[in-house]
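Given next are the chains, with one letter for each unit.
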Amino acid sequence: MTEQLFLIAHIAGQSVAIDANQVESVVDIGNIVAVPRAQGHVRGLAALRSRVVTVIDTRAALGLEPGEAAGGRAVITPVDGHHYAMLVDALDDVAPFEPQPLAAGVPLSGMWQQAGRGLIERDGEPILTIDLAALVPGLVAPTT
């Protein structure tokens, strides 16, 4: 396999790697307007550079305790022609890594299993690569 560029982010204290091809930009999200009757991991809508984006609480989407009510750092990703702001706790680095497939015995639970695509190794530590589209409500992300 050849190296690919990945964005290293942190969600609920867990390092994750996001394929740079999924990342349109990284932003600070300000005011988020709640959407009545939206699924639990849809935090709401936010204005971003003259357009409206759907804000996804990645913690809640992964079946974890929801994040803080305020905005924060987000990865903007296009999915099926719509833009989503995927909230993350922190952003670390962008660097090339050689992705590896998930080994058959790697135990991932719930949505981590659905979002997980493989592993990279950074400084001897394995980091799960995730597909952001798997965290968008109503979509089933293709396995790669």
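Residues numbered from 1 in each chain as written. Predicted model: local features only at pLDDT ≥ 70, side-chain atom pairs only at ≥ 80, totals over all residues. Heavy atoms only, no water.

Let us look at the sheet that holds strand β7 (residues 82-87). Spatial ordering of the open sheet is given by β3-β6-β7-β5-β4, a layout of five strands whose pairing is mixed. Where the open sheet ends on each side, the last strands, each with one partner, are β3 (25-29) and β4 (42-48). Ignoring which end each strand starts from, the neighbouring axes of this sheet average 35° apart. One ladder, built from four bridges, connects strand β5 (residues 51-57) with β7; its direction is parallel. Following the sheet pairing, T54 is matched in β7 by Y84. (Pairing = 2+ DSSP bridges. Helix = DSSP H or I, 4+ residues; strand = E, 2+ residues; numbered from the N terminus. Axes fitted to C-alpha atoms, helices over the stretch in contact; angles between N-to-C directions.)

Inspection of the secondary structure assignment puts R43 in strand β4. Assessed through its relative accessible area of 16%, R43 is described here as buried. At a separation of 2.7 Å, a polar atom in the side chain of R43 contacts the side chain of D57. (Buried < 20%, exposed > 50% of the residue type's maximum accessible area, 1.4 Å probe, protein only. Polar contact = N/O pair within 3.5 Å; in protein donor to acceptor, adjacent residues only side chain to side chain.)

One open sheet holds the six strands; their spatial order is β8-β1-β2-β11-β10-β9, and the pairing between them is mixed. Across the chains shown, the open sheet's two edge strands, defined by having one partner strand only, are β8 (90-97) and β9 (100-101). Taken together, the six bridges between strand β10 (residues 116-122) and strand β11 (residues 125-130) define a ladder with antiparallel strand orientation. The residue of β11 that forms the bridge with I120 is I127.

Within the element layout of this structure, D131 appears in the segment after β11. A polar contact is formed between the side chain of D131 and the side chain of Q22, at a distance of 2.6 Å.

What follows is about a nonpolar patch on the surface. A cluster of nonpolar side chains, V33, V35, L45 and V52, forms an exposed patch at the surface whose accessible area comes to about 310 Å². Mapped onto the elements of the fold, L45 is located in strand β4. We classify L45 as partly exposed; its relative accessible area is 34%. (Patch = residues over 30% accessible without salt bridge, like charges linked within 9 Å, V, L, I, M, F, W, Y side chains within 5 Å. Areas by Shrake-Rupley, 256 points an atom, 1.4 Å probe, with all protein chains shown as cover. Salt bridge = Lys/Arg side-chain N within 4 Å of Asp/Glu carboxyl O.)

Next up on the list: the pattern of salt bridges. Inspection of the entire model under this criterion finds six salt bridges. The partner of D28 in a salt bridge is R73, and the shortest N-O contact between them spans 2.9 Å. In this pair, D28 is assigned in strand β3 and R73 in strand β6 (residues 72-79), connecting sequence segments 45 residues apart. The class of D28 is exposed, set by a relative accessible area of 56%. Residue class for R73 comes out partly exposed when judged on its relative accessible area of 32%. Across the pair D89 and R59 runs a salt bridge whose closest N-O atoms are separated by 2.9 Å. Separated by 30 residues along the polypeptide, D89 in the loop between β7 and β8 and R59 in helix α1 (residues 58-61) bring together distant segments of the chain. For D89, a relative accessible area of 37% corresponds to the partly exposed category. When its relative accessible area of 24% is taken as the criterion, R59 is described as partly exposed.

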